[in-house]
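Summary of the model geometry
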Amino acid sequence: MGAAVPFAFQDNAEVARRFPDLHPAFDSNEALTEANRCLNCFDAPCAAACPTHIDVPRFIKKIGTQNLMGSALTILDANILGASCSRVCPVDVLCEGACVMLRYNKQPIAIGRLQRHAMDHFWERGAHLPKKSSRRRSQKIVCIGAGPASLACAAELAQQGFSVTVIERHALPGGLNTYGVAEYKLRPPDSLREVAMIAELGVEFRFGVSIEHQSDLAALESEYDAIFVGVGLGAMHELHIPGAHHNVNVAVYVVDALEFIARYKTSGNLTVGNNVVVVGAGNTAIDAAVAARRLGAAHVTIVYRRTESGMPAFGFEYEHAKQEGVVFEWLAEPVAIHADPASGRIVSLECARGGSNFHLSCDMLIPAIGQAPLRSLLERSRGPKYYTGGDCANGGREVVDAVADGKRAGVAIAKSFEAADA
Ligand code: SF4
């Protein structure tokens, strides 16, 4: 079964049971039938809509001729994280949203699931990522952060023969793919398996290393010829609620959405309240709310200060949350957390709507109101050796945008050393 995962991770059977795949894999016949529906459009709008510009008609055509390995290599040539993107991409608003089938009032081609079919085959065969050059390049490059942008940059450079090191403050690589994407889209072992293929290219990983001070950057500048900064975004914004906090045990009963998701996915801690309130209505808020339901919360409410039409989450995420039983309170602004003074246990969240206030029963509060940029590190990462990409540069977009950024940076770094190595 595929490449060995060198990153120690204990899979949790209970989590797997509670979070079955949102879009189960195609079997061979289903994949063949779906591939044969594709019109193999010239100037394919699906490929143009993909930030990494995967040659969609080409990889689908190869599935149609049962050349699954060739199909996977076509995907990987454009997008080294083609496996995780096939699971986490919002295809409705990217490739599948652009499919010409929609113009004929037909179902768009299931590009994401076909891509997964090809990539699963690649893994099951234990295949390895190809090198792009047999040249050994003399420069050393370091990527700060082991999320999708850094991984794409590292892979591109390693494929071109450079010596690459990735440093990461967490214990595992993959960034949000490992820690922050809902389990029913992408499981940590799959994220780690993908990183393992990049490690096999010769990329060195160092974990538990934080780059915080000017001296850390200075040390990297003296050791490496180029530095890619792909650190993502910082901590989630805290919920600053005016009014009574009355001894709320914040450490236990208030958990930000990313922490909540990372906790059930990677630490085995499946603790959840019975009446959960999530504040915010972005895609991460939806992921956290659905997870709370799957983990056993009887009531999960999303509180949002605007109306339904102003919510940042994608429409299909919103529909999914409603199907899972998540309730939405629109035009509601949290004003106070009320807790039992003796235990610190939260009992309700007070919200304002219009001129009046109302209380929602709440024993677990999950703020999901965005992440702060890591400004100080970015401001210090300036100079001819520095490149940047992914969420820390674009403010927080999709995994596929980060992959596109990272690859572009890798290509640019390689090009900058062309003259030196000529
Ligand atoms: S737009 Fe749709 S039909 Fe055309 S190549 Fe892309 S997936 Fe196939």
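Residues numbered from 1 in each chain as written. Predicted model: local features only at pLDDT ≥ 70, side-chain atom pairs only at ≥ 80, totals over all residues. Heavy atoms only, no water.

Quick word on the domain arrangement of the protein chain
- You can read the domains of the protein chain as domain 1 (13-124), domain 2 (140-234 + 372-421) and domain 3 (250-367).
- Listed by partner, the interface residues are 25 residues for domain 1 and 24 residues for domain 2.
- A buried area of about 2100 Å², summed over both sides, lies between domain 1 and domain 2, and 72% of it is on carbon and sulfur atoms.
- Elements with a minimum of two residues in the side of domain 1 that touches domain 2: α1 (13-18), α5 (68-78), α6 (82-88) and α8 (111-124).
- With six residues, α6 is the single largest residue contributor to the side of domain 1 that touches domain 2.
- Among the residues making up the side of domain 1 that touches domain 2, the classes are represented as 18 nonpolar, four polar and three charged. (Domains from an automatic or database assignment. Contact = heavy atoms within 4.5 Å. Buried area = accessible area lost by both parts, 1.4 Å probe. Helix = DSSP H or I, 4+ residues; strand = E, 2+ residues; numbered from the N terminus. Nonpolar A, V, L, I, M, F, W, Y, C, P; charged D, E, K, R; others polar.)

Section: empty space enclosed by the protein
- Taken as a whole and assessed by the stated rule, the structure comprises three cavities of 30 Å³ or more.
- Approximately 120 Å³ is the volume attributed to the largest cavity.
- Forming the boundary of the largest cavity are 16 residues, of which C50, I54, C89, C95 and Q115 lie nearest the centre.
- Every element with two or more residues in the lining of the largest cavity is listed here: α6 and α8.
- Broken down by element, the lining of the largest cavity gets its largest block of residues, three residues, from α8.
- Estimated volume of the second largest cavity: approximately 100 Å³.
- What lines the second largest cavity is a set of 14 residues, and nearest its centre among them are C38, C41, C46, C99 and I109.
- Taken together, the elements giving at least two residues each to the lining of the second largest cavity come down to α3 (45-49) and α4 (56-64).
- Among the elements that line the lining of the second largest cavity, the one with the most residues is α4, at three residues.
- Split into classes, the residues belonging to the lining of the second largest cavity amount to 14 nonpolar, no polar and no charged. (1 Å grid on protein atoms, 1.4 Å probe; cavity = no way out; pocket = protein on both sides within 12 Å on 5 of 7 lines; lining within 4 Å. Points joined across faces, edges and corners; volume = space filled by probe spheres on them.)

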